[in-house]
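# Residue-level structure breakdown
Each chain, written out:
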Amino acid sequence: MSLVDVVVPTIGRPSLRALLESLAAADGPLPDGILIVDDRRQATAPLLDGAVPSRLVSRTRILRGAAAGPAAARNTGWRASAAEFIAFVDDDVVPDPDWLLRLREDITALAPDVGGSQGRLRVPLPRDRRPTDWERNVAALETARWATADMVYRRAALEAVGGFDPRFPRAYREDADLALRVLDAGWRLTRGRRTAQHPVRPADRWISVRLQRGNADDPLMRALHGRHWRARAGGPRGRRARHVAVTA
């Protein structure tokens with residue numbers, strides 16, 4: 001069994017190119033596989049503008065998703081992998097130059113009862129003005145628990161709980177739900193040393209309205225994890241500080 005594969009759900013945003021180029025230029029051993037899940041509703045155009053970076057070509061596979069949201073797309077990715085660990089990375093993350101080295105260090109340092117390791121994200125904000133609500137929203141990823149923007153899970157932990165719950169169609173509560181189920185199954189979760197940048201992508205005037213849609217997932221969280229799920233998951237009431245779904 002190989003050590004680690006990287007799974008990237010995407011709808012073909014331009015930021016996917018920056019992610020792949022960062023991985024190709026990073027120091028350290030490459031992951032055994034890079035599984036890109038094309039979750040577009042209509043995959044009529046090329047997923048990437050140009051070719052996969054040459055250093056990654058032999059390790060990269062593009063899988064067809066069901067256009068059912070990031071939870072289902074991540075399931076498609078990890079179930080196609082044979083690695084012991086799965087590193088879930090969003091397509092708008094830019095790994096630091098030492099990310100690959102730190103990833104290996106984070107994984108090899110895990111105790112047998114640790115089911116997952118979360119990366120550390122930096123969100124660059126403007127220095128010449130106050131950040132917008134959208135920019136502050138994305139910046140909260142720096143302190144969010146178990147955000148799958150950069151989260152490694154042990155395959156055994158994913159298999160024990162059945163992976164992500166596809167009933168969560170948005171990039172909103174699906175990562176908290178998985179983490180709580182992994183914890184309930186007896187695993188521990190830790191924070192690693194690897195770091196990456198999460199740029200704030202442009203957003204239109206309706207972004208706040210779209211973010212509010214994620215609150216529709218809260219009743220399912222309560223049904224699955226009880227009335228105190230917010231305290232366990234670290235999720236505030238109302239509009240959650242979280243990035244917009246990769247399927248938006």
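See the structure printed just above.
The paragraphs below set out a description of the structure included in this document. Every value quoted in this text rests on a predicted model; they were computed, and no experiment measured them. Positions within a chain are numbered from 1, following the residues in the order the chain's sequence is written. In keeping with the predicted nature of the model, local features appear solely for residues at pLDDT of at least 70, side-chain atom pairs appear and are counted solely at 80 or more, and the whole-chain, interface and lining totals rest on all residues. The side-chain numbers reported here are obtained from all heavy atoms of the structure, hydrogens and water having been left aside.

## Things to note about the overall build of the protein
Summing up its helical and strand segments, the protein has nine helices and eight strands in all. Only protein chains enter the calculation, and the probe is 1.4 Å; a residue is then buried if its accessible area is under 20% of its type maximum, exposed if over 50%, and partly exposed in between. Looking at the protein as a whole, 53% of its 248 residues are labelled buried. The long-range share in the protein, meaning contacts at least 24 apart out of those at least 6 apart in sequence, stands at 86%. To be clear on the numbers: accessible area is Shrake-Rupley with a 1.4 Å probe, and residue cover counts the displayed protein chains and nothing else. Surface exposure of the protein reaches about 11,100 Å², of which carbon and sulfur atoms provide 52%. A helix here means a DSSP run of H or I that spans at least four residues, while a strand means a run of E at least two residues long, and both kinds are numbered starting from the N terminus. Note on contacts: a residue pair qualifies if any of its non-hydrogen atoms lie within 4.5 Å across the two residues.

## Side note on helix H8 (residues 218–225)
For H8, every residue scored as buried is listed here: Asp218, Leu220, Met221 and His225. The buried side chains of H8 occupy one side of the element, clustering within an arc of 155° when seen end-on. Those residues of H8 that are exposed and aimed more than 90 degrees away from the buried face are Pro219, Arg222 and Ala223. Backbone geometry just downstream of H8 places glycine 226 in the positive-phi region, at approximately 85°. By arc we mean the arc of the directions from the helix axis to the C-beta atoms, nothing more.

## Focus on the pattern of salt bridges
Salt bridges are counted wherever a side-chain nitrogen of Lys or Arg sits within 4 Å of a carboxyl oxygen of Asp or Glu. Under the definition given, this model contains 17 salt bridges. Between aspartate 96 and arginine 122 there is a salt bridge, with the nearest N and O atoms lying 2.8 Å from each other. Separated by 26 residues along the polypeptide, aspartate 96 in the loop between strand E5 (94–95) and helix H3 (99–108) and arginine 122 in strand E6 (residues 114–122) bring together distant segments of the chain. By relative accessible area, arginine 122 is classed as partly exposed at 36%. The salt bridge partner of arginine 155 is glutamate 159, with a shortest N-O separation of 3.4 Å. Taken together, the residues span about one helical turn, with arginine 155 and glutamate 159 both in helix H5 (residues 155–161) at a distance of four residues. For arginine 155, a relative accessible area of 9% gives the class buried. Accessibility expressed as a relative area gives 49% for glutamate 159, which makes it partly exposed. Put simply, Arg13, Asp91 and Asp92 are held in one network by salt bridges that share partners.

## Remarks on the environment of alanine 111
Within the element layout of this structure, alanine 111 appears in the loop between H3 and E6. Excluding anything up to four places from it in sequence, alanine 111 contacts Arg154 and Arg188.

## Things to note about the packing of aromatic side chains
To describe a pair of aromatic rings, you give the distance between the ring centres and the angle between the ring planes. Each Phe, Tyr or Trp ring, with Trp reduced to its six-membered ring, pairs with another whose centre is within 6.5 Å; inter-plane angles below 30 degrees give stacked pairs, above 60 give edge-to-face pairs, and intermediate values give tilted ones. All told, the structure shown has one aromatic pair when counted by the stated rule. Relative to phenylalanine 164, the ring of phenylalanine 88 lies with its centre 5.2 Å away and its plane at 90°, an arrangement referred to as edge-to-face. One end of the pair, phenylalanine 88, is in strand E4 (residues 85–89); the other, phenylalanine 164, is in the loop between H5 and helix H6 (174–184), and 76 residues separate them in sequence. With a relative accessible area of 0%, phenylalanine 88 lands in the buried category. Placement of a charge over a ring requires the Lys NZ or Arg CZ to be within 6 Å of the ring centre, with the centre-to-atom vector within 35 degrees of the ring normal. Above the ring of phenylalanine 164, the side-chain terminus of arginine 74 is found at 5.3 Å from the ring centroid.

## Here's the deal with the pairing of strand E7 (residues 150–154)
For E7, the tally of buried residues reaches five of five residues, placing the bulk of the element in the interior. Residues Asp150, Val152 and Arg154 line one face of E7 and the alternating positions Met151 and Tyr153 line the opposite face, and both faces are buried.

## Brief notes about H6
Every α-helix carries 3.6 residues per turn, so stepping three or four residues along brings you back to the same face. Of all 11 residues that make up H6, nine are buried, and the element is covered over most of its length. Those residues of H6 lying buried are Glu174, Asp175, Ala176, Asp177, Leu178, Ala179, Leu180, Arg181 and Val182. Two residues or fewer after H6 comes glycine 186, characterised by a positive phi angle close to 105°.

## What about the pairing of strand E1 (residues 4–10)?
Counted residue by residue, E1 has seven buried out of seven residues, so it is predominantly covered. Residues Val4, Val6, Val8 and Thr10 point to one face of E1 and Asp5, Val7 and Pro9 to the other, with burial holding for every one of them. At least two bridges found by DSSP between two strands is the condition for calling them paired. Pairing between E1 and strand E2 (residues 33–38): six bridges, direction parallel. By the bridge assignment for E2, valine 8 is matched with isoleucine 36.

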